Amino acid sequence: KNEVEQSPQNLTAQEGEFITINCSYSVGISALHWLQQHPGGGIVSLFMLSSGKKKHGRLIATINIQEKHSSLHITASHPRDSAVYICAVISNFGNEKLTFGTGTRLTIIP
Amino acid sequence: KAGVTQTPRYLIKTRGQQVTLSCSPISGHRSVSWYQQTPGQGLQFLFEYFSETQRNKGNFPGRFSGRQFSNSRSEMNVSTLELGDSALYLCASSDANYGYTFGSGTRLTVV
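Below, the structure is looked at part by part. Owing to the predicted nature of the structure, the values given are computational and were not obtained by experimental measurement. (Residues numbered from 1 in each chain as written. Chains lettered and ligands numbered in written order. Predicted model: local features only at pLDDT ≥ 70, side-chain atom pairs only at ≥ 80, totals over all residues. Heavy atoms only, no water.)

1. Let's talk about the sheet that holds strand 1 (residues 4–7) of chain A
Residues and elements named next belong to chain A.
Part 1 of the argument: Across the sheet, five strands lie side by side as 1-3-8-7-6; this open sheet has antiparallel pairing. Only two strands of the sheet have a single partner each, and these edge strands are strand 1 and strand 6 (52–56). Recorded for the sheet is a direction-independent mean angle of 15° between the axes of neighbouring strands.
Part 2 of the argument: As paired elements, strand 1 and strand 3 (residues 19–25) share four bridges and run antiparallel to each other. Its bridge partner lying in strand 3, Val 4 is registered against Tyr 25. (Pairing = 2+ DSSP bridges. Helix = DSSP H or I, 4+ residues; strand = E, 2+ residues; numbered from the N terminus. Axes fitted to C-alpha atoms, helices over the stretch in contact; angles between N-to-C directions.)

Set out below in structure tokens:
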């Protein structure tokens, strides 16, 4: 079993829909990251979370440390949001390396 | 502030050759980490350097190595290339307050 699980693997939605991507992890963490990767490979860090909730524009990320779960929400989705979204965690064992989920491929249809 | 710069962007090498990839971090960032991304395995951590010292290492064979210079620039080297080393190699520089900033990657094809 992977330390970081994401769901769904693939998601197709109509423009304007509210999107939720989920991430569950099995280890104690010091931080969780949400990353966005567009075709071509470049990765952008969207959020770094250790507790609570963060918002940036139409993107909202939440984390529940007790339940070992995080969600990324996109409001009023747009075709330019089409990308792969990756959850990554840093464990709190003192070994500060990122462990990645397998990603969620999001496609927004106009 | 300039981003993370990786060179080259694309590379084609032959099996058995070696390759060196370069990463220039954001000014002021002392931590540089490297990752391999393949369709089959996804993103995997290779190693991390902090102030010229390797701080963490992933589960990759010894053919994969790296180093960091006093100006925080980092290089990774892969010797005796295998077909399975074909991948996108990403580096990231990090800061405790702002997390990770990734470069655009080097796409390595081994033929």
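The structure having been displayed, the exposition proceeds.
2. With respect to the pattern of salt bridges
Part 1 of the argument: Within this structure, the stated rule accounts for six salt bridges over all chains.
Part 2 of the argument: Asp 81 of chain A is the salt-bridge partner of Arg 58 of chain A, the closest N and O atoms lying 2.8 Å from each other. One end of the pair, Arg 58 of chain A, is in the loop between strand 6 and strand 7 (59–64); the other, Asp 81 of chain A, is in the loop between strand 8 (69–74) and strand 9 (83–91), with 23 residues separating them in the sequence.
Part 3 of the argument: On the accessibility criterion, Asp 81 of chain A (6% relative accessible area) is buried.
Part 4 of the argument: It is possible to trace a salt-bridge network through shared partners that takes in Arg 63, Glu 82 and Asp 85 of chain B. (Salt bridge = Lys/Arg side-chain N within 4 Å of Asp/Glu carboxyl O. Buried < 20%, exposed > 50% of the residue type's maximum accessible area, 1.4 Å probe, protein only.)

3. A look at the state of the cysteines
Residue and element names in this part refer to chain B.
Part 1 of the argument: Per the stated rule, a full pass over the model turns up two disulfides over all chains.
Part 2 of the argument: Linked covalently through their sulfurs, Cys 23 and Cys 91 form a disulfide whose S-S length is 1.8 Å. Torsion about the S-S bond of the Cys 23 and Cys 91 cystine: about 65°, corresponding to right-handed handedness. Highlighted residues: Cys 23 in strand 3 (residues 19–24) and Cys 91 in strand 9 (residues 87–95), separated in sequence by 68 residues. For the pair formed by Cys 23 and Cys 91, the shared burial category is buried. (Disulfide = S-S within 2.5 Å.)

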